[in-house]
Amino acid sequence: MREDGKLDYLELPGGDLPATKSFYADAFGWQFIDYGPSYAAFNEGLDGGFDADAPTDRPLPVLFAADLDAMVEKVTAAGGTIVKPIFDFPGGRRFHFRDPAGNELAVWSEG
């Protein structure tokens, strides 16, 4: 349910839109609704947080994976580039990657 003041949408640069859509479909099973040739919408769930130590030039979307090691393989097989290998943090483990459009994202898993 949508609520005032809650995160509702995350818009990222698309770069080569077909390559970007293919990457997210292959790596994470995402589906898209196209709104013309230069915009594709997705609805894949969203929570958020603030990281005082993070760079301020871009947001960092964080995805979830039950099997983090398997997700690293899916991300690289789909054309993503790992920029921070799996590391521990309070609450779990995660890694960072860049998609074909150059966006940096993270994937985390519990424990």
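Criteria and thresholds
- Residues numbered from 1 in each chain as written.
- Predicted model: local features only at pLDDT ≥ 70, side-chain atom pairs only at ≥ 80, totals over all residues.
- Heavy atoms only, no water.
- Pairing = 2+ DSSP bridges.
- Helix = DSSP H or I, 4+ residues; strand = E, 2+ residues; numbered from the N terminus.
- Axes fitted to C-alpha atoms, helices over the stretch in contact; angles between N-to-C directions.
- Contact = heavy atoms within 4.5 Å.
- Buried < 20%, exposed > 50% of the residue type's maximum accessible area, 1.4 Å probe, protein only.
- Parallel < 35°, antiparallel > 145°, perpendicular 65-115°, else oblique.
- Left-handed = near helix turned anticlockwise from the far one by under 90°.
- Phe/Tyr/Trp six-rings, centres within 6.5 Å; stacked < 30°, edge-to-face > 60°.
- Lys NZ or Arg CZ within 6 Å of the ring centre and 35° of its normal.

Our focus in this paragraph is the sheet that holds strand 3 (residues 62-64). Spatial ordering of the open sheet is given by 3-6-5-4, a layout of four strands whose pairing is mixed. For this open sheet the edge positions go to strand 3 and strand 4 (81-89), each flanked by a neighbour on one side alone. Across this sheet, the average inter-strand angle for adjacent strands is 25°, counted without regard to direction. Relative to strand 6 (residues 104-110), strand 3 is paired through three bridges, and the arrangement is parallel. Bridging across to strand 6, Leu 63 finds its partner in Val 107. Here helix 1 (residues 17-28) sits on the sheet in contact with strand 3, strand 5 (92-98) and strand 6, set at roughly 155° to strand 5. Helix-sheet contacts for helix 2 (residues 68-77) involve strand 4, strand 5 and strand 6, and the interaxial angle to strand 5 is about 5°.

Before going further, it helps to examine the environment of Gln 31. Within the fold, Gln 31 resides in the loop between helix 1 and strand 1 (33-34). Given a relative accessible area of 64%, Gln 31 falls into the exposed group. The spacing of Gln 31 and Glu 44 is 13 residues in sequence and 8.4 Å in space, taken between C-alpha atoms. Beyond its immediate stretch of four places on either side in the chain, Gln 31 contacts Ala 41, Phe 42 and Glu 44.

Put simply, helix 1 and helix 2 touch, their axes get as near as 8 Å, and they point 150° apart. On the basis of their axis angle, the class for helix 1 and helix 2 is roughly antiparallel. For helix 1 against helix 2, the interelement crossing comes out right-handed. Where helix 1 abuts helix 2, its residues Phe 23, Ala 27 and Phe 28 lie against Met 71, Lys 74 and Val 75.

Across all of its chains, the model carries 11 aromatic pairs by this definition. Look at Phe 28 and Trp 30: their rings are 6.2 Å apart centre to centre, the planes differ by 40°, and that puts the pair in the tilted class. On the basis of relative accessibility, which here comes to 17%, the residue Phe 28 falls in the buried class. Seen from their ring centres, Phe 64 and Trp 108 are 5.2 Å apart, and the 70° between their planes marks the pair as edge-to-face. With Phe 64 in strand 3 and Trp 108 in strand 6, the pair connects residues that are 44 residues apart, well separated along the chain. Look at Phe 64 and you get partly exposed, because its relative accessible area is 45%. An aromatic cluster is built from Phe 23, Tyr 24, Phe 28, Trp 30, Phe 42, Phe 95 and Phe 97, whose rings are joined through pairwise contacts. Just above the ring of Phe 89 sits the side chain of Arg 94; from NZ or CZ to the centre is 5.5 Å.

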